[in-house]
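# A closer look at the structure
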Amino acid sequence: MIKKHFLKLLLLVAILAHFAFGATPKLILVISLDQFRYDYLTRFETHFGEGGFKYLMHNGANFTNSTYKHALNLTGPGHAVISTGSYGNQNGIFANNWYDIRTKEDIYCVDDRTANGIGRVSASMSPANLIGSTFGDELRMHSSFHSKVISISNKDRT
């Protein structure tokens, strides 16, 4: 239920942006920085360049009072909420690690034995444990798969 409302809200924002700016936005950017409190944006704003965070704060959607309503503020669950609009009971990512009583194994939230990693010899990672679609998935489906979705991170859980 929450996920449907979140995705509808994102589509509404895109539609409103279309009418407000006269064209469909060319770029939708989601930035998530672990341990980066919101007040850092306002506290250090004078140190930001005109084309960086300051530009995004004044010309983009800026959520100033967002909260997580889940117990564990860990990377996996946090990024799953941001990307899907749903909590762990719906998207399947409620912790970075958990014990699966069916398989009697410890599970890492992005572990996927069936995935082939690029340039990796060790275990590969994927969003296989994530249930449902992400904001990027919905954007691609909405554009008949003409949109490009790119994720860049220094953590496998994002």
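Chains are numbered independently. Their residues run from 1 in the order of the written sequence. pLDDT decides what is reported in this predicted model: residues at 70 or higher carry local features, side-chain atom pairs at 80 or more are listed and counted, and totals for whole chains, interfaces and linings draw on all residues regardless. Only heavy atoms go into the side-chain values, all of them from the structure, while hydrogens and water stay out.

### Examining the packing of aromatic side chains
Rules: Ring pairs shown here join Phe, Tyr and Trp side chains whose ring centres sit within 6.5 Å, with only the six-membered ring taken for Trp; geometry is labelled stacked below 30 degrees between planes, edge-to-face above 60, and tilted in between. Exposure categories follow from relative accessible area, calculated using a 1.4 Å probe and restricted to protein chains: below 20% of the type maximum is buried, above 50% is exposed, and the middle band is partly exposed.
Scanning the model with the defined rule gives 5 aromatic pairs in all. Here Phe36 and Tyr40 contribute two aromatic rings whose centre-to-centre distance is 5.3 Å and whose plane-to-plane angle is 90 degrees, an arrangement assigned as edge-to-face. Residue class for Phe36 comes out partly exposed when judged on its relative accessible area of 32%. Every member of this aromatic cluster is reached through a ring pair, and the members are Phe36, Tyr40, Phe44, Phe48 and Phe53.

### Examining the confidence of the model for the protein chain
How we decide: Each residue carries a pLDDT score, the predictor's confidence in it, ranging from 0 to 100. Segments assigned H or I by DSSP are reported as helices when at least four residues long, segments assigned E as strands when at least two residues long, and all are numbered from the N terminus.
Summarising the model, the protein chain shows a mean pLDDT of 80, and 80% of its residues fall at 70 or more. Considering each helix and strand of the protein chain separately, the mean pLDDT is smallest for helix α1 (residues 2-21), with a value of 56, and largest for strand β1 (residues 97-100), with 94.

### Considerations on the environment of Leu41
To keep it simple, the criterion reads: In this description, contact between two residues means that some pair of their heavy atoms is separated by no more than 4.5 Å.
Assignment of secondary structure puts Leu41 in helix α2 (residues 39-43). A C-alpha to C-alpha distance of 8.2 Å links Leu41 and Lys54, two positions 13 residues apart in sequence. The residues touching Leu41, leaving out its near neighbours within four places in the chain, are Phe36, Phe48, Phe53, Met57 and Asn62.

### Looking at the pattern of salt bridges
Applicable threshold: Think of a salt bridge as a Lys or Arg side-chain nitrogen and an Asp or Glu carboxyl oxygen that are within 4 Å of each other.
Scanning all chains against the criterion turns up 5 salt bridges. Residue Glu50 pairs with Lys54 through a salt bridge whose shortest N-O separation is 3.3 Å. For Lys54, a relative accessible area of 15% corresponds to the buried category. A salt bridge links Arg102 to Asp100; its shortest N-O distance comes to 3.5 Å. The buried category is assigned to Asp100, whose relative accessible area is 14%. Put simply, Arg37, Asp39 and Arg43 are held in one network by salt bridges that share partners.

### Details of a nonpolar patch on the surface
Filter applied, for reference: A patch consists of residues whose relative accessible area exceeds 30% and which take part in no salt bridge; residues with like charges are grouped when within 9 Å of each other, and nonpolar side chains (Val, Leu, Ile, Met, Phe, Trp, Tyr) when within 5 Å. A 1.4 Å probe and the Shrake-Rupley method give the accessible areas. Residues count as covered only by the protein chains that appear here.
A cluster of nonpolar residues, Leu29, Ile31, Leu33, Phe36, Phe53, Tyr55 and Leu56, forms a patch on the protein surface that exposes about 610 Å² of accessible area. Within the element layout of this structure, Phe53 appears in helix α3 (residues 53-59). Accessibility expressed as a relative area gives 30% for Phe53, which makes it partly exposed.

### Regarding the nonpolar core
Basically, it comes down to this: Residues enter a nonpolar core if they are buried and are Ala, Val, Leu, Ile, Met, Phe, Trp, Tyr or Cys, with the set joined through side-chain atoms within 4.5 Å.
By size, the foremost hydrophobic cluster in this structure holds 7 residues: Ala80, Ile93, Trp98, Ile107, Tyr108, Cys109 and Val110. With residues near it in sequence (within four places) discarded, Val110 still touches Ser124, Met125, Ser126, Asn129, Asp156 and Arg157.

### Details of the side chain of Asp112
To keep it simple, the criterion reads: We count Lys and Arg on the positive side and Asp and Glu on the negative side, and we leave His and both chain ends out.
Mapped onto the elements, Asp112 comes out in the loop between β2 (105-108) and α6 (135-142). Buried charge without a partner: Asp112 forms no salt bridge, and the closest opposite charge is Arg113, 8.0 Å away. Excluding residues that lie within four positions of it along the chain, Asp112 makes contacts with Ser124, Met125, Ser126 and Ala128.

### Topic: the pairing of β1
Basically, it comes down to this: At least two DSSP bridges between two strands are needed for those strands to be called paired.
The side-chain alternation of β1 yields one buried face, formed by Trp98 and Asp100, and one unburied face, formed by Asn97 and Tyr99. One ladder, built from 4 bridges, connects β1 with β2; its direction is antiparallel. What sits directly across from Asp100, in β2, is Glu105. Counting the residues between successive antiparallel strands, the hairpin from β1 to β2 contains 4 residues, one of them, Lys104, with a positive phi of roughly 55 degrees.

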